[in-house]
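# Descriptive analysis of the structure
Read off the chains here:
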Amino acid sequence: MDNQLVASWETVGSISMVSKPTPTLKPGDVLVRVAASGICGTDLHICKGETPHARNNVTIGHEFSGYVEAIHAETTTTAKIGDLVAIDPNVPCNKCTFCRTLKYHLCLNLWCIGVTCDGGMAKYVAVPASAIYVTAGISPEVASLAEPLSCVVHAVDTGSVKSGDRVLVIGAGPIGLMVTALCASGGAHVTVAELNATRRTAATEFGASVVTERVDIGGDPIQGYGFDVVFECVGLAATMSEALEYARAGGTIVWVGVATPTALVSVSPFTVYRRELTIKSTYTNPFGMERAVRILCDNKVNWANLISHTFALTEFDAAWAVFVKNSGLKVCIKP
């Protein structure tokens, strides 16, 4: 095959359109013809040099779907040519101490498609057969949401949300809306805090019972006011700190948003002690992809409404400008 146009992180501060050879397959690989690839906040962190493990000259794109184009003769897979598949970008070594103790997302030798090796912001990408998940009854755009949704599955699991819980979601970007949908569908009463009016409207559509610009818990959290579980889905130190203010005594705070490596949060140890707060974080998507694909394929939520803009790969610069402006929701590239 000839060279292909890709979006690649070449230097700090920019994502460049460059030409690279179309990938060839090695044993264990599948060639995917990319159908939809979402731009993620992690891509912006990569662009700014804020993702320490990211590698230069790597094609970005870790939220993508596509059609199986070719399968290496020595690859074992149940997928067939033409299947629409979602891709788990996180490829563990299956040998290190974390992999051997069922914490493969913390793998010491983790390869991340679109971060440490070439990803889906291209027409073709070669991926391990273990990374593909066959979908059914959904569009490529919705299938490309599997990776972020798998991260949200992990986040909601981490929050141990129960039916009837009062849940606060800070931030109604795509991740916050996914958290809202999963918590609300499980019977929680969800309040969403978001400054953007368009995103507040979307929060109601995705199941929020209350939508607000500013949070007022109405009283002393020690007296039971506040929320059982608070999900911070912005990634700013300020909102991560505020999340603690809104949790009732005995509550749990889950930091889902990705902060910069230098960000610091001021926490009162006495407050955590007196209110017996639990502060948790989440990292990627352990054991979440299979469940995320099932959720998408169930079609119980109009997941397509998370995608506010669609561009061709040749229009990547325009797509990036819309993404950085942060006025819509998910920006999707269709190579």
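Scroll up for the structure.
Everything numeric in this text was worked out from a predicted model, so none of it was measured.

Let's shift gears to the pattern of salt bridges. Enumeration according to the criterion identifies eleven salt bridges in this entry. Between aspartate 157 and arginine 291 there is a salt bridge, with its nearest N and O atoms 2.7 Å apart. Placement of aspartate 157 in helix H3 (residues 146-159) and of arginine 291 in helix H8 (residues 289-298) is noted, with a sequence separation of 134 residues between them. On the accessibility criterion, aspartate 157 (39% relative accessible area) is partly exposed.

So, on to the packing of aromatic side chains. Note on aromatic pairs: each is described by the distance of the centres and the angle between the planes. Applying the stated criterion across every chain yields a total of five aromatic pairs. Taken together, a centroid distance of 6.3 Å and an interplanar angle of 50° make the contact between phenylalanine 206 and tryptophan 303 tilted. With phenylalanine 206 in the loop between helix H5 (197-205) and strand E13 (210-212) and tryptophan 303 in the loop between H8 and strand E17 (307-312), this residue pair connects regions lying 97 residues apart in the sequence. Ring geometry for tryptophan 320 against phenylalanine 323: centres 5.4 Å apart, planes inclined by 45°, an arrangement best described as tilted. Placement of both tryptophan 320 and phenylalanine 323 in helix H9 (residues 316-325) is noted, with a separation of three residues, approximately one turn of the helix. A residue is classified by how much of its surface remains accessible, and phenylalanine 323, at 14% relative accessible area, is buried.

Take the packing of H3 against H8 next. Close contact between H3 and H8 brings their axes to 8 Å; oriented N to C, the two are set at 110°. Compared by their axis directions, H3 and H8 come out roughly perpendicular. Note on packing geometry: the crossing formed by H3 with H8 is right-handed. From H3, Ala146, Glu147, Leu149, Ser150, Val153 and Asp157 reach across to H8, where they touch Met289, Arg291, Ala292, Val293, Ile295 and Leu296. Residue composition of the contact of H3 with H8, grouped by class: eight nonpolar, one polar and three charged.

Whether parallel or antiparallel, the strands of a sheet pair through hydrogen bonds between backbone atoms. Strand order in the open sheet formed by six strands is E13-E12-E11-E14-E15-E16, with parallel pairing between adjacent strands. Since the sheet does not close on itself, it has two edges, and those belong to E13 and strand E16 (278-281), each with one partner. Ignoring which end each strand starts from, the neighbouring axes of this sheet average 15° apart. Both strand E12 (residues 189-193) and E13 contribute to a ladder of three bridges, which runs parallel. Within E13, the position partnered with threonine 191 by the bridge is valine 210. Lying on the sheet, H3 is in contact with strand E14 (227-232), strand E15 (247-255) and E16; it crosses E14 at an angle near 150°.

When you line up the elements, cysteine 151 lands in helix H3. For the pair formed by cysteine 151 and valine 256, sequence separation is 105 residues and the distance between their alpha carbons is 8.8 Å. With sequence-adjacent residues up to four places away left out, cysteine 151 is seen in contact with Thr284 and Asn285.

Moving on, we come to the pairing of E15. Across five bridges, the pairing between E14 and E15 is parallel. The residue of E15 that forms the bridge with phenylalanine 231 is valine 254. With helix H6 (residues 237-245) bridging E14 and the parallel E15, this β-α-β connection has right-handed handedness. The pairing of E15 with E16 spans four bridges and is classified as parallel.

Every buried residue belonging to H6 is among Thr239, Met240, Ala243 and Leu244, and all of these are buried. The buried residues of H6 occupy one face: seen down the axis, they fall within an arc of 155°. Looking at the buried residues of H6, the elements they touch are strand E11 (166-170), E14, E15, helix H7 (269-274) and E16.

Spatially, three strands are ordered E2-E1-E4 in an open sheet, and the strand pairing comes out antiparallel. Edge positions in the open sheet fall to strand E2 (14-21) and strand E4 (58-59), since each of these has one partner strand only. The pairing of strand E1 (residues 3-11) with E4 spans two bridges and is antiparallel. Across the sheet, the residue bridging to serine 8 is threonine 59, located in E4.

What follows deals with the packing of H3 against helix H4 (residues 174-185). Contact geometry of H3 with H4 gives a least axis separation of 9 Å together with a crossing angle of 55°. Relative to H4, H3 is oriented oblique. Crossing of H3 over H4 shows right-handed handedness. Facing H3, whose interface residues are Pro148, Leu149, Val152, Val153 and Val156, H4 presents Ile175, Met178, Val179, Leu182 and Cys183.

Right, let's get into the state of the cysteines. Under the criterion given, the structure shown has zero disulfides. No disulfide involves cysteine 183; its sulfur sits 8.8 Å from that of cysteine 233, the nearest cysteine. When its relative accessible area of 2% is taken as the criterion, cysteine 183 is described as buried.

What counts and what doesn't
Residues numbered from 1 in each chain as written. Predicted model: local features only at pLDDT ≥ 70, side-chain atom pairs only at ≥ 80, totals over all residues. Heavy atoms only, no water. Salt bridge = Lys/Arg side-chain N within 4 Å of Asp/Glu carboxyl O. Helix = DSSP H or I, 4+ residues; strand = E, 2+ residues; numbered from the N terminus. Buried < 20%, exposed > 50% of the residue type's maximum accessible area, 1.4 Å probe, protein only. Phe/Tyr/Trp six-rings, centres within 6.5 Å; stacked < 30°, edge-to-face > 60°. Axes fitted to C-alpha atoms, helices over the stretch in contact; angles between N-to-C directions. Parallel < 35°, antiparallel > 145°, perpendicular 65-115°, else oblique. Left-handed = near helix turned anticlockwise from the far one by under 90°. Contact = heavy atoms within 4.5 Å. Nonpolar A, V, L, I, M, F, W, Y, C, P; charged D, E, K, R; others polar. Pairing = 2+ DSSP bridges. Right-handed = clockwise from strand over helix to strand, strands pointing away. Arc of directions from axis to C-beta. Disulfide = S-S within 2.5 Å.

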